[in-house]
Amino acid sequence: MVDNRAAILTGAKAAHTLHRDLGIREQIERGNASRIDVFSAISKLGATLMFQPLDKLLGAYLPSEELGVLITTRRQLPVQRFTGAHELGHLYMRHEPSLDDDNILRRSPFSTTGTADRQEREADAFASMFLAPAWLVALMLQRQGWSARQLADPAYMYQASLRLGTSYRATCYALERHKVISRAQRERLIDVEPKQIKQEFLGDYKPPDWHVDVWLLTERDEGSLIEGGRNDLFVVKLRENSGAGYLWNFDQLRDAGFALVDDDREDTAPDAIGGALTRKVTARSEDRLQGEVTLRESRPWAADVPLHQLLLRYDLRGPESPGMWEPELRRVLQAA
Amino acid sequence: MTNDRVGFSQPPAEPDRQVLGERLKEAREYVGLKQDDVAKVLAIPRSALSNIEAGTRKVDAIELARLAKLYQRPLAWFTGEDPNATTEFAKEVAHVARAAATLSQQDRQELARFADFLKSRAKAKATSDGR
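Throughout what follows, the structure given in this document is the object of discussion. The structure displayed is predicted, hence computed values, not measured ones. (Residues numbered from 1 in each chain as written. Chains lettered and ligands numbered in written order. Predicted model: local features only at pLDDT ≥ 70, side-chain atom pairs only at ≥ 80, totals over all residues. Heavy atoms only, no water.)

Residue and element names in this part refer to chain A. Taken together, five strands build an open sheet; the order of strands is 4-2-3-1-13 and the sheet is mixed. The two strands at the open ends of the sheet, each matched to only one other strand, are strand 4 (98-101) and strand 13 (323-324). Pairing of strand 2 (residues 57-63) with strand 3 (residues 67-72), which is carried by five bridges, proceeds in the antiparallel orientation. Bridging from a neighbouring strand, Pro63 pairs with Leu67 of strand 3. Where helix 4 (residues 77-92) meets the sheet, its contacts fall on strand 1 (48-52), strand 2, strand 3 and strand 4, and the angle it forms with strand 2 comes to roughly 25 degrees. (Pairing = 2+ DSSP bridges. Helix = DSSP H or I, 4+ residues; strand = E, 2+ residues; numbered from the N terminus. Contact = heavy atoms within 4.5 Å. Axes fitted to C-alpha atoms, helices over the stretch in contact; angles between N-to-C directions.)

The next point concerns the pattern of salt bridges. Under the defined criterion, the tally for this structure stands at 27 salt bridges over all chains. The residue Arg186 of chain A makes a salt bridge to Glu176 of chain A at a minimum N-O spacing of 2.6 Å. Placement of the pair is Arg186 of chain A in helix 10 (residues 183-190) and Glu176 of chain A in helix 9 (residues 168-177), with a sequence separation of 10 residues. Since its relative accessible area comes to 9%, Arg186 of chain A is described here as buried. Each of the salt bridges in this network shares a partner with another, and the network as a whole consists of Glu66, Glu328 and Arg331 of chain A together with Arg121 and Lys125 of chain B. (Salt bridge = Lys/Arg side-chain N within 4 Å of Asp/Glu carboxyl O. Buried < 20%, exposed > 50% of the residue type's maximum accessible area, 1.4 Å probe, protein only.)

All names here are of chain A. The topology assignment puts Pro109 in the loop between helix 5 (103-106) and helix 6 (118-131). A residue is classified by how much of its surface remains accessible, and Pro109, at 15% relative accessible area, is buried. Along the chain, Pro109 and Gln52 lie 57 residues apart, while their C-alpha atoms are 26 Å from each other. Ignoring sequence-local partners within four residues, the contact set of Pro109 consists of Ile8, Arg121, Asp124, Ala125 and Ser128.

Read these as geometric descriptors, not functional statements.
In structure tokens, the structure reads:
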């Protein structure tokens, strides 16, 4: 299928060019972000971006007097982002109008067989390359200190998917494409249900809703922007030098509007007396929260002299709710 | 404080005013603005906006112009004929909608609303640029 191969190449190349034109790589590095801001890209290309409850459709691209991208509110943020990237592909490559249902999730973007038409093939390849380019995957592995071998473990793959803002399944495919994992590893990984992985991070705690994501946060997440959904769960796992009197203080997290649902300590070296423990606190975001907190490890009697601290920046407003894309709506309000 | 209190306790909704109120509400909700945000921009109490949308308070011309701008619609969208009567699919949309034979009623409706909004926004932009 020479035609399909050409379409994939066109889509992938367009994604690369748009990253460059919008300076997306520099933005990610400077802002310490881990996800490509696909909605901003749509807006920067001059399209009206709208979210409304759709039934069977995930999204649509309507170029009329005004360019328009419509995305459903009835799906989780990773699906909204993927749909956005697909529509952005149509927009950037000046395609014909397109209505897209969940076939865009099922089609394998890099298979050279299949019956989707050429512009759909191009948009599929565009979306995958736009959301998970090689440089972003490499940056994530470097920041997190993850090895390729670790990513064959569903727990790490799931955490990688949260950082990239792509679904677990899409992330497995992306990392296979970038040769971080093998095909056989990918096949094993996609058999694992994300719910099962979440359960492992949470231990005995049962969330009210299994659609939320469970972030494992460590020292490696210092300063990076955590972009998730309202009610997401955070398992903060930190080394605690309690033998020397140092304790992590989580009051700031509570003050910022998180509920602490579990607090646990694990012995990392059971034989050593006065050694380090691992402190594991599970927090749940209560609302659409945005901001930052600094956690400190200090001695209770000298709280001003922390041994370590961890800055967490978070934006938990996803998924997008009905109406115009929020930043654009804020601009309209300010101009009025 | 507000004009509509003078002499009347709460005037009954006139049919035209009620239609206008409904359209204002529909337009506000479509873009995702809250009554609070809009009331702040107009510098009126939220209850006044609520009454406007219920058709029990008059909207003056200046307020209407500001609301239209905020909701990104041309004035005629609010004051003209029923906007929904004319929103069969625009040509471009009709073309793809035909292609997607299995389109559900709801999706069809949302696409028509979005196409109408795009058209409105283009017109609203053209008028404000021309000033």
